[in-house]
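# Breakdown of the fold
Single-letter residue listing:
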Amino acid sequence: SATVDALLHEMFGAAKESPADSGASLRVGMREIKISGATPPAARLHSSTHSSAVAAPQALAAPAELKAALSDVRSDASPTDWALCALEPDGSSLRLVGKGEGGAEALAAQLSDDAVFYGLVRRTDQIDKSTTIKFVFLSFIGSALSTMKRAKVSTVKGAVSEVFAPFHAELMSATEPSEVTSATVDALLHEMFGAAKESPADSGASLRVGMREIKISGATPPAARLHSSTHSSAVAAPQALAAPAELKAALSDVRSDASPTDWALCALEPDGSSLRLVGKGEGGAEALAAQLSDDAVFYGLVRRTDQIDKSTTIKFVFLSFIGSALSTMKRAKVSTVKGAVSEVFAPFHAELMSATEPSEVTSATVDAL
């Protein structure tokens, strides 16, 4: 619970009671919505005694040289196929580390275990007459960082993603340079898209950008295809994810003011095709953490309630846990279902991303953020 509280404090700041006759804003995930004194349940995610306004997450500064480096990676006229930046210790800005040729391995050589990094890698494949170019966004959280600093990274993830967007796939929260390889990137793209297929010039095709499906034609404009290749190509959509009815019921229980349940947890099945309910109950982050193991991937929802003056605020934190005993390839493949899992758990106020040890999932960590 401490980890959850710290995370919420970092992302939202202190809650402020809003006058009944004036509107206020509530941030749900990375979206800002308008609420009033009598806020409908769909807007406020809970039914509390008073509505509350919360502070927006800290803005993130991206230097011009970083934007130029990312443009270089995307340019067909440049051999540059990677760019890397680091998050400054105070979390307020990004710093360009470098760019160059050599793909994932060259980027990995710039990583260290005492910082947080974000990068973009360009991959080019020739399949028959079709040239496909895809971009992979990666995040790296140094293994030497404290639990508190690792948890705080989730508060800027949305802002960082906007700097690097659009991209086709994401290699999330690697912790060792050995995880960042061309083989890992290729496996990730294959898992998410399958094999590329050349699309006839006289018919339309679909291209997945991140988690969005967009329509492309034989003469695809650069804005749609993210690159200027010899031929356009269609790619397979990511595998659908099955969420059992009992999981949906458990999440509804966590959101219900009439229930004492304040956490629910599910596991990703080994084949990545479905989620399995592990449990639900009372006791917050610590009770949820007791169900985690190092050989699986878990996702959970925690409910936090605070009383500030006359204002009762209820917030929901989505968390992901990737067991430390999982192989590098299995850890990388988790990112292919992240968007689908987020949709199952949405809406939520904040996210504790890719924890790897149960000790990272505490009320203290969330409070300190």
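Residues numbered from 1 in each chain as written. Predicted model: local features only at pLDDT ≥ 70, side-chain atom pairs only at ≥ 80, totals over all residues. Heavy atoms only, no water.

## Focus on the pattern of salt bridges
- Scanning all chains against the criterion turns up eleven salt bridges.
- Between Lys99 and Asp72 there is a salt bridge, with its nearest N and O atoms 3.1 Å apart. Pair noted here: Lys99 is in strand S6 (residues 94-100) and Asp72 is in helix H3 (residues 64-74), with a separation of 27 residues, a long-range link. (Salt bridge = Lys/Arg side-chain N within 4 Å of Asp/Glu carboxyl O. Helix = DSSP H or I, 4+ residues; strand = E, 2+ residues; numbered from the N terminus.)

## Here we look at the pairing of strand S17 (residues 311-322)
- Taken across its twelve residues, S17 has twelve buried, putting it largely inside the fold.
- Neither face of S17 is exposed, since Ser311, Thr313, Lys315, Val317, Leu319 and Phe321 on one face and Thr312, Ile314, Phe316, Phe318, Ser320 and Ile322 on the opposite face are all buried.
- Bridge count for strand S16 (residues 297-308) against S17 is twelve bridges, and the pairing is antiparallel. The partner of Ile308 across the bridge, within S17, is Ser311. (Buried < 20%, exposed > 50% of the residue type's maximum accessible area, 1.4 Å probe, protein only. Pairing = 2+ DSSP bridges.)

## Re the pairing of S6
- The pairing of strand S5 (residues 82-87) with S6 spans six bridges and is antiparallel. By the bridge assignment for S6, Ala83 is matched with Lys99.
- Count of turn residues in the S5/S6 antiparallel hairpin: six residues, of which Gly91 carries a positive phi of about 75 degrees.

## Concerning the environment of Ser178
- Assignment of secondary structure puts Ser178 in the loop between strand S9 (169-174) and helix H7 (182-193).
- On the accessibility criterion, Ser178 (58% relative accessible area) is exposed.
- The spacing of Ser178 and Thr328 is 150 residues in sequence and 8.4 Å in space, taken between C-alpha atoms.

## Concerning the environment of Lys157
- Within the secondary structure, Lys157 is located in helix H6 (residues 157-164).
- A C-alpha to C-alpha distance of 9.1 Å links Lys157 and Met353, two positions 196 residues apart in sequence.
- The contact partners of Lys157, leaving out residues within four places of it in the chain, are Phe137, Glu170 and Met353. (Contact = heavy atoms within 4.5 Å.)

## Regarding unusual backbone geometry
- With omega at 0 degrees, the peptide bond leading from Ala165 into Pro166 counts as cis.
- With respect to the element layout, Pro166 can be found in the loop between H6 and S9.
- In this chain, Ala346 is followed by Pro347 through a cis amide linkage whose omega measures 0 degrees.
- With a phi close to 50 degrees, Ser173 is a non-glycine residue in the positive phi region.
- Assignment of secondary structure puts Ser173 in strand S9.
- Ser173 sits in the buried class, given a relative accessible area of 3%.
- The backbone of Ser354 shows a phi angle near 50 degrees, a positive value even though the residue is not glycine.
- Looking at the secondary structure, you find Ser354 in strand S18 (residues 350-355).
- Given a relative accessible area of 5%, Ser354 falls into the buried group.

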